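# Examination of the molecular architecture
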Amino acid sequence: MPFRVALLILKKDFLIEVKSLEILSTTLFFAVSCLLVFSFAFVKEGSPVQDAAAGILWIAIAFSGTLALGRVFERERYGETLRALLLAPAPRPAIYLGKLFGMVLLMFTTEVVLVPMVALLFQAPLFSRPLLLFVLLAAGTVGFASVGTLFAAMLVRARTRDIMLPILLYPVTIPVMIAGVQGTSALLQASPDEAMATMWIAIVSTFDVVAITLCLWMFEPLMTE
Amino acid sequence: MTRFFLPVFGVTALMFAGAPFVIADAPYESTMLLVQKIFYFHVPAWFVMFTAIFISGIWSARYLFKGDRNADRVAFAAAEIAVVFGLMGLVTGPLWGRKAWGVWWQWDARLTMALLLEAIFIGYLLVRKYGGPGSEKLSAAMAIFGMLNVPFVYISVNIWRTIHPKTSVVPTLGPGMFGAFWFSVIAFMLLFALLMHLRVRLEQQRAALDDLYLAEEP
């Protein structure tokens, strides 16, 4: 039952998004703009600064993810549908899960564009170990989105939400960023360090499990007025 | 606690007044000499910060799940004190590091963790002040995440090079240093208890005043 509710919420958000493509197109364009700014800063005389690609990829993911998080609940606020959503006879954690699925899907779509662009603009061999990179990106995205979705939901009623979201989110998700950047740069070496990358994947996955459990547990008291 | 406030205050004041003599009296460390003396401030400051963080995290959870408003005041007071003592640690650390390591800052596991916890709890105070109505719950979530983030940051940064003296130096201190060290720790902990008491009382009275004000309105 909770899982079905989560999928229904995902379907609702997906149908609204497909009609306008508002969040997806703006997030994608923002992510690409980020990469362009970085490439002006870090590509000198035709060749990129050493080891910059991993950091740039993850910064672009975090920035565009923050932007998307701010917009996901904005729609509920504008339409004044948040209360209706919370009043629905559905378990609260299912609502959180539905929003989280949507967020992860959105961030994945952005990454599908970001990763090839980073590989292209910074001459990074990102596709030398595609499976490991995919798992690392998936685990990192879930970790970032799980904490982000909770904070974005809590901040819906706050006046200063635009500035508060990054202030709260970045310090808390630093373990994900460290693991993501370190794991990706292990894969980008001339001879990819698979053991190192696997260890970072294990650390992010543990973070994911702890964060999602905590979020499911806290969503109910946090969203009760 | 109110009954004990004055005696505890007296003891703490005496201990802080005596601390310079106790610290000056402690023997010099064989390689770092005078620079090592900052240790008597630096380590107790972190002791207080970590105690405050755990109090803030646990009491935030109590507030969030049990709705105990007094727990929220305790968590808020502890978060504020954590930030103050964290700043003390972050100032005294580089002063020592400049002499002992030759650099002001290193991206070492303990330093990074301390900086992030400071950032998380500054975030706590910011959201508390500017978050608008309902910010108590938001900040409670922040404190819980802050507390649970400790192991993750520690493990992930520990894989980089660690040059900070290990926590295991504490039991191996020489006899003269051992006494001075625990003297400082007790003095700092007493100061922490006093500050907590005053801060929680202030919040309680503020809440009582708010209640009276609301009751007065037609």
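The coordinates are above.
Okay, so let's go over this structure. As the structure is a prediction and not an experimental result, all values here were calculated from the model. (Residues numbered from 1 in each chain as written. Chains lettered and ligands numbered in written order. Predicted model: local features only at pLDDT ≥ 70, side-chain atom pairs only at ≥ 80, totals over all residues. Heavy atoms only, no water.)

This part takes up the overall build of chain B. What chain B contains, in helices and strands, is six helices and zero strands. N-terminal to C-terminal, the α/β element order of chain B is α-α-α-α-α-α. Put simply, chain B has 218 residues, and 45% of those count as buried. Total accessible area on chain B stands at roughly 11,200 Å², and carbon and sulfur atoms take up 71% of it. (Helix = DSSP H or I, 4+ residues; strand = E, 2+ residues; numbered from the N terminus. Buried < 20%, exposed > 50% of the residue type's maximum accessible area, 1.4 Å probe, protein only. Areas by Shrake-Rupley, 256 points an atom, 1.4 Å probe, with all protein chains shown as cover.)

A few words now on the side chain of Glu 17 of chain A. Looking at the secondary structure, you find Glu 17 of chain A in helix H1 (residues 2-20). On the accessibility criterion, Glu 17 of chain A (12% relative accessible area) is buried.

With that settled, consider the interface of chain B and chain A. Between chain B and chain A, the contact holds 25 residues from the first and 31 residues from the second. At the boundary of chain B with chain A, total buried surface from both sides reaches about 2,600 Å², with 84% on carbon and sulfur atoms. Along the contact surface separating chain B from chain A lie zero salt bridges. Taken together, chain B and chain A are joined by three residue pairs in polar contact (both at pLDDT 80 or more). (Contact = heavy atoms within 4.5 Å. Buried area = accessible area lost by both parts, 1.4 Å probe. Salt bridge = Lys/Arg side-chain N within 4 Å of Asp/Glu carboxyl O. Polar contact = N/O pair within 3.5 Å; in protein donor to acceptor, adjacent residues only side chain to side chain.)

Below, the discussion takes up the packing of helix H2 (residues 39-66) of chain B against helix H3 (residues 69-100) of chain B. Residues and elements named next belong to chain B. Taken N-terminus to C-terminus, the directions of H2 and H3 make an angle of 155°; their axes are 7 Å apart at the nearest point. Put simply, H2 runs roughly antiparallel to H3. Crossing geometry of H2 relative to H3 is assigned as left-handed. Grouping the amino acids of the contact of H2 with H3 by side-chain chemistry returns 19 nonpolar, seven polar and three charged. (Axes fitted to C-alpha atoms, helices over the stretch in contact; angles between N-to-C directions. Parallel < 35°, antiparallel > 145°, perpendicular 65-115°, else oblique. Left-handed = near helix turned anticlockwise from the far one by under 90°. Nonpolar A, V, L, I, M, F, W, Y, C, P; charged D, E, K, R; others polar.)

If you look at the biggest cluster of nonpolar residues, it comprises 123 residues, and the most contacted ones within it are Leu 150, Phe 151 and Met 218 of chain A together with Phe 145 of chain B. Examining the composition of this core, we find that 14 residues originate from one element, helix H6 (residues 130-155) of chain A, more than from any other. Ile 23, Phe 39, Met 177 and Ala 180 of chain B belong to the second-largest nonpolar core, a separate cluster that totals nine residues. (Core = buried A, V, L, I, M, F, W, Y, C linked by side-chain atoms within 4.5 Å.)

This part covers the environment of Ala 141 of chain B. When you line up the elements, Ala 141 of chain B lands in helix H5 (residues 135-158). Looking at Ala 141 of chain B, the relative accessible area reads 0%, which means it is buried. Those residues in contact with Ala 141 of chain B that lie beyond four places of it in its chain are Phe 151, Met 154, Met 218 and Leu 222 of chain A.

The next thing to look at is unusual backbone geometry. Residue and element names in this part refer to chain A. In this structure, Leu 21 is a non-glycine residue whose phi angle is positive, near 55°. Note on placement: Leu 21 falls in the loop between H1 and helix H2 (22-42). A relative accessible area of 42% means that Leu 21 is categorised as partly exposed. Non-glycine residue Gln 123 carries a positive phi angle of around 45°.

So, about the pattern of salt bridges. Following the criterion strictly, the structure yields 15 salt bridges over all chains and no others. Taking the shortest distance from any N to any O, the salt bridge between Arg 77 of chain A and Glu 74 of chain A comes out at 3.3 Å. With a gap of three residues between them, Arg 77 of chain A and Glu 74 of chain A both fall in helix H3 (residues 52-78), about one helical turn apart. With a relative accessible area of 13%, Glu 74 of chain A lands in the buried category. Across the salt bridge formed by Arg 128 of chain B and Asp 72 of chain B, the nearest N and O atoms sit 3.0 Å from each other. Of this pair, Arg 128 of chain B sits in helix H4 (residues 109-130) while Asp 72 of chain B is found in helix H3, placing the two residues 56 residues apart along the sequence. A single burial state applies to Arg 128 of chain B and to Asp 72 of chain B, both of which are buried. Ionic contacts of the salt-bridge type, sharing partners, join the residues Lys 12, Asp 13, Glu 76 and Lys 99 of chain A into one network.

What follows covers a nonpolar patch on the surface. A surface patch of nonpolar side chains, about 370 Å² in accessible area, is lined by Phe 14, Leu 15, Val 18 and Leu 105 of chain A. Inspection of the secondary structure puts Val 18 of chain A in helix H1. (Patch = residues over 30% accessible without salt bridge, like charges linked within 9 Å, V, L, I, M, F, W, Y side chains within 5 Å.)

On to the packing of aromatic side chains, then. Inspection of every chain in the model, using the stated rule, returns 14 aromatic pairs over all chains. Taking the centre distance of 5.8 Å and the plane angle of 75° together, the rings of Phe 3 of chain A and Phe 101 of chain A count as edge-to-face. With Phe 3 of chain A in helix H1 and Phe 101 of chain A in helix H5 (residues 92-121), this residue pair connects regions lying 98 residues apart in the sequence. According to the relative accessible area criterion, Phe 3 of chain A is exposed, its value standing at 52%. By relative accessible area, which is 25% here, Phe 101 of chain A ends up partly exposed. Chaining the aromatic ring pairs together yields one cluster made of Phe 16, Phe 41, Phe 85 and Phe 188 of chain B. (Phe/Tyr/Trp six-rings, centres within 6.5 Å; stacked < 30°, edge-to-face > 60°.)

This next bit is on H4 of chain B. End to end, H4 of chain B covers 31 Å across 22 residues, agreeing with the expected 32 Å (1.5 Å per residue, within 8%). Looking one or two places after H4 of chain B, you find Gly 132 of chain B, whose phi comes out positive at around 75°. (Expected span 1.5 Å × (residues − 1).)

Another aspect to go through is helix H7 (residues 161-172) of chain A. Between the first and last C-alpha of H7 of chain A there are 16 Å, a value that for twelve residues agrees with the 16 Å anticipated at 1.5 Å per step. Taken together, the buried positions of H7 of chain A are Arg 161, Met 164, Leu 165, Leu 168, Leu 169, Pro 171 and Val 172 of chain A.

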